Amino acid sequence: MADYKPQTLEKKWQERWQRERAFEVTEDDPRPKFYCLEMFAYPSGHAHVGHLRNYMIGDVVARMKRMRGFNVLHPFGWDAFGLPAENAAIKNQTHPETWTLENIAHMKGQLQRIGISYAWEREIATCMPDYYHWNQWLFLKMLERGLAYKKRSSVNWCPSCNTVLANEQVIDGKCWRCGTTVVTRELEQWFFRITQYADELLEAADRLPEWPDKVLTMQRNWIGRSEGARVKFPLPDPKGQPDHIEVFTTRIDTIYGANFILLGPEHPLVQQWKAQADPAFRQTLEKFLAQDRTLRMTGEIEKEGFDTGRTAINPFTNKSVPVWVANFVLGEYGTGAVMGVPGHDQRDHEFAHKYNLPITIVVQPGAGAVSSGSAAEPYDGPGTIVNSGEFNGLPTSDAIVKMSEAAEARGIGERTIQYRLKDWGISRQRYWGTPIPVVYCDKDGMVPVPADDLPVLLPKVAEFTGRGDSPLAQVPEFVNTTCPECGGPARRETDTMDTFVDSSWYFYRFCDPKNASLPFDPDKVGYWGPVDFYVGGVEHAILHLIYSRFFARVFRDLGMSAIDEPFTRLLTQGMVLKDGHVMSKSKGNVVDPDDMIEKVGADAIRLYVMFVAPPEKEIEWSDAGLEGSYRFLARVWRLVDQLCETIGGEGIPAPGGIELDDAERALRRKTHDTIRRVSQDLDPRVHLNTAVSALMELVNELYAFCNRSESTRVGRSIDDPATIGVAERPATIAVLKEAVEALILMISPFAPHMAEELWERMGHPDGIVAVGWPAFDEQVSRAEQIVVPVQVNGKVRARLTVSIEVSEDELKSLALADPQVVKNVEGKTIRKVVVAGGAGSRIVSIVAG
RNA sequence: GCGAAAGUGGCGGAACUGGCAGACGCGCCGGACUUAGGAUCCGGUAGCCGAAAGGCUAUGGGGGUUCGACUCCCCCCUUUCGCACCA
């Protein structure tokens, strides 16, 4: 007899798993593969239970799949480059690498203490040269194929982080990381041509049935496909190169109502015209253009325009229309210019109203009578075309086709598809990232570093001032190099890559983490890929998950893999709140897992987090709930502790062929019913909370079974003489053994340490890891009892408890034998008895009269 | 404004394809065992009526489909999340 002492037994099993390399895997394994992955971690210092929830969910699935006969790859690594390391270095006078490696060591210990079953021999850290080497390799491949390119552009600049942000990293005009308002800068930047895959990424989103709809919707919106047309509005008096303004519209059918042209402030013609204008005009234009770009992007400022004094020709009406600059037109989207149709667009209507521009109605809702005059409200729905010459009377949908064709025939426009998605800017003016492997030579210009010279190592020395230029530019030994082409002096690129590059393909590196000649062996990715089950926070729904889908296609097109979609199934786990807020160090509401392990052990934490809510939902941390889970584990412990001498070891037969009494049969049914429920709740559903509750029911049933009489009572306190374990009857022992062993096995994904210990105490010295999932006996489970409602003339008059083995005929006779049914149909003629419902549940309806 | 998801006891949550609403746990109440109990074991716990048997009312609100609705359909309310001038 021994009390449940999680701390010592957990340590024992963690050491044993490590010693026996219990979770390491190879590719030459006859079992089917299963790749289970949680989003790798940024090594920020200390993991709190909110972080750990992610890994616990993946671990339950990985352990369960192992038991069910899969060769399970379950690796872990570190997203180790990034700004916080650099900021910490500035603050603490240490090196980012020191800070990062110390954090990794600590967090790795935390993960081991909570008992996550990782193949640690495959661990990777993106800040190591043997990893970022392959970022550089891939960059060169993308450069060769035109998927990486450099251009000058206005970029989002975070003045606090002192670096560029991708569009995806700007939230409401603010930096995703620090919340500082983002400003615009003109810089030479490297881009990845993700837009080349826009259509494919969008289309394939329909073929990801095991992703949450929410994530797919977000990705679809982010890619933002619109079908429309580009149309040229000629400039009668160009005085310069372009002799027209091209607009993008999804509503070419309203073009007869286009009474003005609006240019975005970034439109090149605006700059050109400004330069040509007289000083007074230029000054007012500049004043207008000085509006804060980020304020404009929030959409909360009033619509304002500036009349350029120029005109263009509407190519359909041949009328002259004024050209304005408008603060609400986005320079980066479409052509940066739009046609203003005040009759049928809310924004254009407001604009026309404000500046007294004419409004023309060209669409009537429905096919009804034509009303005249300008509408007080713009109508932007479908309808019938009016005031549009030869197109009058067409439905708007037809008009879009006909007018597009007309524009194409006249060479003044074409149908196009416009995406909201833009190319991915990857240059970062920071130190702690992958150096971009190109050099600049006065003679040969931009020259890629030859693949044989990779990796371009990040120099150890760098000064961390937090100034707004690239720290690498301060390191002459790094910057000054020779040109691979001509051997003359050259300068290295001093920007580093966005860390999202690192995280966009790490799941392939895990398949072959030590490969020194390629990012991975295609055969190994062919074996393990794609990731079958991927767990992570919904905050990565757009950034990481679109970039990874993009990179998977790049590798595919390089001939490195056959995989389009890197993640077959995605689970976005909910956050862990404390006192109603997300855990964060600054809020002071973090729950440190090591404190909790000290109190109740890792298994109780794991069980609690899995039990308290479905994995997708956020949970509110509760110490009382945690204690409840500890109590449950202690309850299981006591049960097994008191029974194992009787039911453990060899020589006890399976209960299959033995004659059982009612209670034994009921327990056996419960055992197999629980196996069925837990199995289904774990796979294919991942309803971990209900799986745990099914196990709790089984434990309750076991206690009730043993407590039928004083002599078989279990579960009292250790020193209580009433707790002498169980009976004599071989059938009882056989049924109990089956139930208890199934319980231990099924609890092991949740509470692996305790399960191992109990399994050992039951007389199995070889450890649980290699043991299979408990066998499910359908025969036993089919004898399950169900309750069938019996209706008489449409009202439920009785409920029959029957076995689902009962046939329909038997069910009918049972219904008629039920006293209450007899009472309800007494003296009446039974017209009809109906049996309905699916397998397992049947409804008897009796029509009497 | 647009889009998505959700609304069930004191609380977290269950209910799988339309079939006993509230599994399981927390909390609370009681009993047993005890010098003691914040341990353990056993029981109770949606609301209302009733001594009980039992009955009635209940899944945000209102309609509908159905023998039967937490579940499906329509309208409304609330909350959360995402997008937000994308022409």
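Described below are features of the structure shown in this document. (Residues numbered from 1 in each chain as written. Chains lettered and ligands numbered in written order. Predicted model: local features only at pLDDT ≥ 70, side-chain atom pairs only at ≥ 80, totals over all residues. Heavy atoms only, no water.)

### A word on the overall build of chain A
Our working rule: A run of H or I in DSSP counts as a helix once it spans at least four residues, and a run of E counts as a strand once it spans at least two, with each numbered from the N terminus. Buried residues are those whose accessible area, probed at 1.4 Å on protein chains only, stays under 20% of the maximum for their type, while exposed residues exceed 50% and partly exposed ones sit between those limits. We call two residues in contact when some of their heavy atoms are within 4.5 Å. To be clear on the numbers: accessible area is Shrake-Rupley with a 1.4 Å probe, and residue cover counts the displayed protein chains and nothing else.
What chain A contains, in helices and strands, is 27 helices and 34 strands. Going through the 849 residues of chain A one by one, you find that 54% of them count as buried. For chain A, the share of sequence-separated contacts (at least 6 apart) that also reach a separation of at least 24 residues comes to 71%. Accessible area for chain A stands at about 36500 Å²; split by element, carbon and sulfur atoms hold 51% of it.

### Examining the sheet that holds strand β28 (residues 576-578)
Formally: A pair of strands is treated as paired once DSSP finds two or more bridges between them.
Read from one edge of the open sheet, three strands run β29-β28-β30, paired in mixed fashion. Strands with a single pairing partner mark the edges of an open sheet, and in this sheet they are β29 (581-582) and β30 (619-620). The pairing of β28 with β30 spans two bridges and is parallel. Residue pairing for β30: Val 576 is matched across the bridge by Ile 619.

### Details of the nonpolar core
To keep it simple, the criterion reads: To form a nonpolar core, buried Ala, Val, Leu, Ile, Met, Phe, Trp, Tyr and Cys residues must be joined to one another through side-chain atoms within 4.5 Å.
Phe 139, Trp 424, Ile 605 and Trp 621 are the most contacted members of the largest nonpolar core, which totals 191 residues. If sequence neighbours within four positions are ignored, Trp 621 has contacts with Val 49, Val 576, Leu 577, Lys 578, Met 583, Val 591, Met 596, Ile 605, Tyr 608, Val 609 and Leu 626. Ranked by size, the runner-up nonpolar core spans 35 residues in total, among them Ile 261, Leu 269, Phe 288 and Val 362.

### What about helix α3 (residues 83-92)?
Of all the residues in α3, the buried ones are Leu 83, Ala 85, Glu 86, Ala 88 and Ala 89. Those residues of α3 that are buried lie in contact with α4 (96-113). Directly beyond the C-terminal end of α3, a positive phi value near 55° is found at Gln 93.

### A word on the pattern of salt bridges
For clarity, the cut-off: By definition, a salt bridge exists where a carboxyl oxygen of Asp or Glu is found within 4 Å of a side-chain nitrogen of Lys or Arg.
Applying the stated criterion across every chain yields a total of 48 salt bridges. Taking the shortest distance from any N to any O, the salt bridge between Arg 415 and Glu 408 comes out at 3.1 Å. Taking relative accessible area as the criterion, Glu 408 reaches 32% and is therefore assigned partly exposed. The salt bridge involving Asp 673 is made with Arg 676; its shortest N-O contact spans 2.4 Å. Of this pair, Asp 673 and Arg 676 both sit in helix α21 (residues 662-682), separated by three residues, roughly a single helical turn. We classify Arg 676 as partly exposed; its relative accessible area is 23%. Within this structure, Glu 200, Arg 549, Arg 553, Arg 556, Asp 557, Asp 564 and Glu 565 form a network of salt bridges that share partners.

### Let's talk about the packing of aromatic side chains
What counts, and what does not: Any two rings among Phe, Tyr and Trp, with Trp reduced to its six-membered ring, count as a pair given centres within 6.5 Å; such a pair is stacked if its planes are under 30 degrees apart, edge-to-face if over 60, and tilted if neither. The criterion is that NZ of a Lys, or CZ of an Arg, lies within 6 Å of the ring centre and within 35 degrees of the ring normal, and then a charge sits over that ring.
For the structure shown, the criterion picks out 48 aromatic pairs. The lysine or arginine in question, Lys 65, covers the ring of Phe 70, its NZ or CZ lying 4.3 Å from the ring centre. Arg 635 extends its terminal NZ or CZ atom over the ring of Tyr 703, reaching a point 4.0 Å from the ring centre.

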